Amino acid sequence: MKAVILLSGGLDSSTVLYQALADGCECYTISFDYQQRHRRELQSALAIAQAAGVLQHQVVTFDLRQWGGSALTDNAIDLPTGRSLEEMSQNIPVTYV
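Thresholds applied
- Residues numbered from 1 in each chain as written.
- Predicted model: local features only at pLDDT ≥ 70, side-chain atom pairs only at ≥ 80, totals over all residues.
- Heavy atoms only, no water.
- Pairing = 2+ DSSP bridges.
- Helix = DSSP H or I, 4+ residues; strand = E, 2+ residues; numbered from the N terminus.
- Axes fitted to C-alpha atoms, helices over the stretch in contact; angles between N-to-C directions.
- Contact = heavy atoms within 4.5 Å.
- Parallel < 35°, antiparallel > 145°, perpendicular 65-115°, else oblique.
- Left-handed = near helix turned anticlockwise from the far one by under 90°.
- Nonpolar A, V, L, I, M, F, W, Y, C, P; charged D, E, K, R; others polar.
- Right-handed = clockwise from strand over helix to strand, strands pointing away.

A. Structural context of the sheet that holds strand β3 (residues 56-61). The parallel open sheet is built from three strands, whose spatial order is β1-β2-β3. A strand with exactly one partner marks an edge of an open sheet, and here the two such strands are β1 (2-6) and β3. The average undirected angle you get between the axes of adjacent strands in this sheet is 20°. As judged from the five bridges shared by β1 and strand β2 (residues 26-33), these two strands associate in the parallel manner. Counted as the bridge partner of Val4 is Tyr28 from β2. Sitting on the sheet, helix α2 (residues 40-52) is in contact with β2 and β3, with an inclination near 170° to β2.

B. Expanded view of the packing of helix α1 (residues 11-22) against α2. Between α1 and α2, the shortest axis-to-axis distance is 11 Å and the interhelical angle comes to 15°. Of the possible angle classes, the one that applies to α1 and α2 is roughly parallel. By crossing handedness, the relation of α1 to α2 is classed as right-handed. Counted together, Ser14, Leu17, Tyr18 and Leu21 of α1 and Ile48, Ala51 and Ala52 of α2 form the full contact between these two elements. Broken down by class, the residue content of the contact of α1 with α2 amounts to six nonpolar, one polar and no charged.

C. Expanded view of the pairing of β2. Between the parallel elements β1 and β2, the chain passes through α1 in a crossover that is right-handed. In this structure, β2 lies alongside β3, joined through six bridges in parallel fashion. In the strand pairing of β3, Thr29 is matched with His57.

Shown next as structure tokens:
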């Protein structure tokens, strides 16, 4: 069986990849380059895909900024720091994509 896994480079998608491998799937991974400020997640996704031995890892590039701004894509928007739990529960953070 083949599996295509959306691989962000984070813990959740990496776990899904390794579970698919453990289940005997032929794994292909895809990551999104949405012009994020920090390239770390793409570097991590590639490293995880290589370490796991996926058959193919592909990066799809597009500009998420065409639909609106986010602190993850726009250097002019400061990253939030020191927010209280109450503030976080009342407002969607600018780091959401």
